[in-house]
Amino acid sequence: MTIAVPSLVSTPTHCPYCGLQCAMNIARDSSATDQALTATVTGRSFPTNGGGLCQKGWTSAELLRNPNRLTAPLVRRDGELTPASWDTALDIVADGFAAAQAKGGRDAVAIFGGGGLTNEKAYQLGKFARVALRTSNIDYNGRFCMSSAAAAGGKAFGLDRGLPFPVADLGAARAILILGGNVAETMPPFVGHLATAADAGGLIVADPRRTATVERALAGGGVHLQLSPGTDLPLALGLLHLAVLDGRIDHNFVGARTEGFDDAWLAAAQWWPERTERVTGVPVSALRRTVEILWRAQQSDAGAYILTARGAEQHATGTDTVSAVINLALALGLPGRRGSGYGAITGQGNGQGGREHGQKADQLPGYRKITDPAARVHVAQVWGIDPAELPGPGKSAYELLESIGTPGGPSALMVHGANLAVSAPRAGHVVDRLSALDLLVVNDFLLSETAAMADVVLPVLQWAEEEGTMTSLEGRVLRRKAAVPAPEGPRSELEVLAGLARRLGQPAGRFGTDPEAVFEELRLASAGGVADYSGISYARLDEGAALHWPCPATPAGEPEHPGTPRLFLDRFETPNGRARFVAVEHRGPSEGTDAEFPLVATTGRVLAHYQSGAQTRRIDELVRAAGGMFVQVHPDTAHRVGLVEGQQAAVVSRRGRTEATVRCDDSMRLDTVFLPFHFAGSGRANLLTNPALDPTSGMPEFKACAVRLETIRQSTSDTEAMA
Ligand code: SF4
């Protein structure tokens, strides 16, 4: 008997989803007709994931064989999306852009990017907007993710890199405080790095909910700071107050490596423990214990870390909140020393690289400011244009969407790697704005809710079908490899942009389609910038070099730069090398509760889904694991409005109404409900959320809005009465 042995080919790459960028191998049968059908994923040993993957990673190859994969461009004709040739679709888009700009000026065309795009695509998208379209209107969904942490990091340290140290450094710490992060569900392999702290009773989690991460902390004797949504800022002020009160300030560090402590203390001085308890809901004993745990670890050889994530950052006061947390970290003497630190946990797969190479409204490649004359000269030279041709800064993501259809606002929009109809705040209003466009173009590989609204849909390749680089949450640049052959039909976004640029009159060759060639250009554009990639190459990455930026090129004949896994050990990136305390005040959530809307809704993720769910809602195993849309609520709160476990409820805010199944949980605060934001249609959490923006970062207030709960019957009869 002959046993057919499939010819297996295994390719090392990284997960398509979150910022942890777990390493994996994709094996396929190279003798099979459709090799995507045979693709299987296994975890690969790597410092961030230790060979582990979460359920999302394990099942990620399922999408490669999804029957609903888009394989041809779609063009709306007589109201229906119908297949078209690439030439036809690109002609329609280019003509539409030209017509919009002829009528409304350069900014009449807008570009919306994504934090999941490779560095090469993010770079090319920024260049396309500034050079081919010369529009200032470009921003991306990372604005909804990391912008507050980035702004606060820049203020304090002079540089924003989510984690200024390798993730694996956390593994030695005896104390870790996480504010607003549920890593046990969002990136489970990350939890392995918390084990030492958790087992020592040193894991402290600030979260309105008793999440899986909180459970891990409590299992080891750690602390749950169950604060009211939107009170992370006064919590941090109160912790700083206690640190001063209890003599837990590292005066040597503060004196030698920082500035501005006195003003920060003046702000924190008003947050005596009892006041902090009253506003946040966190008992004084837990506050005091938190400071003590962090201080003892800092004083030991083991060290301590403070981390923030979206729960603390996605507020209209997000930047100030992170500043308050960094103030606490600086006062305890954590940042800029080996074995301790402060960091922000990146959410999206390339949330880090995506904000460094020019798809953000105010940035040019290399994390340069678009308003900096020297940066404009440098980048314009790489792009072969006059610096005067470069537009200025554009609007932040929500402001851009809000301006659609208004005088002077965009009438054409092209979206890459974002599902705004589900993920944007006040999503019902954003859908209305998208409907007001003359031309909506969406690049995607599945018909997302936003793509379904488009005038033109351009089918693009998936992560495992093309080459590129990603930058993980620790600032390490990673190679993403083509692991399966690309199917007939879809094209890389690099090809899409090149095709459009040619039609818009750009010289042939200005927009390359080879990822490595684009990366080579990115290296030049980033050289000398904050995020300097000029010493990084595909060849070095393929050899396995662990290269964290900044990694500048070195003169010929000299050793190559080893990269910078740990920032700030000698100096911070401020002009005088000192980290800056930033004095901040508590303002509270933009929207208060009242008799009509007595509860606070907060949103977040569940284990089996990623972001808007556009991808993970297509994977049966994940759909079965996650179930449908739900609202998590204390049973007493549910009972008060006549709701019980399993019943359908309406959650209503001043902006909209969503429907969800009641999940009662007696660990919930009585004043808080939780909604996952992965679901579409009438189950969209973002129909409720408040687009009030952080004045510095442009971050919307996703994490706190006033709502009420209703039974569906009551809600329907209200609607009928109103009609
Ligand atoms: Fe790792 Fe995140 Fe992918 Fe899960 S989703 S496997 S945690 S990179």
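It should be noted that the structure appears before, not after, this text.
Now for a quick tour of the structure. Computed from a prediction, not measured in an experiment: that's the story for all the values here.

### As for the site of the ligand
- Around the ligand, the neighbouring residues are Cys 15, Tyr 17, Cys 18, Gln 21, Cys 22, Leu 53, Cys 54, Lys 56, Gly 57, Met 187 and Pro 189.
- Across the shell around the ligand, the residue classes tally to eight nonpolar, two polar and one charged.

### Overview of the environment of Val 379
- One can find Val 379 in helix α16 (residues 373–383).
- C-alpha of Val 379 to C-alpha of Leu 332: the two residues are 47 residues apart in sequence and 40 Å apart in space.
- In this structure Val 379 touches Leu 364, Pro 365, Arg 368 and Ala 525, once residues within four positions along its chain are discounted.

### Some details on the sheet that holds strand β13 (residues 341–344)
- Strand order in the open sheet formed by five strands is β10-β9-β8-β12-β13, and the pairing between neighbours is parallel. Of all the strands in the sheet, just β10 (223–225) and β13 have a single pairing partner and so form its edges. Sheet twist, expressed as the average angle between the axes of neighbouring strands with direction ignored, equals 15°.
- As paired elements, strand β12 (residues 304–308) and β13 share four bridges and run parallel to each other. If you follow Tyr 305 over to β13, its bridge partner there is Gly 341.

### Concerning the pairing of strand β4 (residues 74–77)
- Judged from the four bridges that link them, β4 and strand β5 (residues 80–83) form a sheet pairing that is antiparallel. Across the sheet, residue Val 75 finds its bridge partner in β5, namely Thr 82.
- Linking β4 back to β5 in an antiparallel pair, the connection comprises two residues, with Asp 78 at a positive phi of about 50°.
- Of the pairings in the sheet, the one linking β4 to strand β18 (residues 456–459) comprises two bridges and is antiparallel in character. Residue Val 75 lies in a different strand from β18, and its bridge partner there is Val 456.

### Focus on the layout of surface pockets
- Roughly 660 Å³ of volume is contained in the largest pocket.
- Along its surface, the largest pocket is lined by 30 residues, and Gly 154, Asp 362, Gln 363, Tyr 367 and Lys 369 are the ones closest to its centre.
- Put simply, the parts of the chain that give the lining of the largest pocket at least two residues each are α4 (147–157), β15 (368–369) and α16.
- With five residues, α4 is the largest single contributor of residues to the lining of the largest pocket.
- In this structure, the second largest pocket occupies an estimated 240 Å³ of space.
- Lining of the second largest pocket is provided by 14 residues; of these, His 14, Arg 44, Arg 479, Leu 541 and Gly 544 occupy positions nearest its centre.
- Secondary structure elements with two or more residues in the lining of the second largest pocket: β1 (8–14), β20 (477–480) and α22 (538–542).

How each quantity is defined
- Residues numbered from 1 in each chain as written.
- Predicted model: local features only at pLDDT ≥ 70, side-chain atom pairs only at ≥ 80, totals over all residues.
- Heavy atoms only, no water.
- Near = heavy atom within 4 Å.
- Nonpolar A, V, L, I, M, F, W, Y, C, P; charged D, E, K, R; others polar.
- Helix = DSSP H or I, 4+ residues; strand = E, 2+ residues; numbered from the N terminus.
- Contact = heavy atoms within 4.5 Å.
- Pairing = 2+ DSSP bridges.
- Axes fitted to C-alpha atoms, helices over the stretch in contact; angles between N-to-C directions.
- 1 Å grid on protein atoms, 1.4 Å probe; cavity = no way out; pocket = protein on both sides within 12 Å on 5 of 7 lines; lining within 4 Å.
- Points joined across faces, edges and corners; volume = space filled by probe spheres on them.

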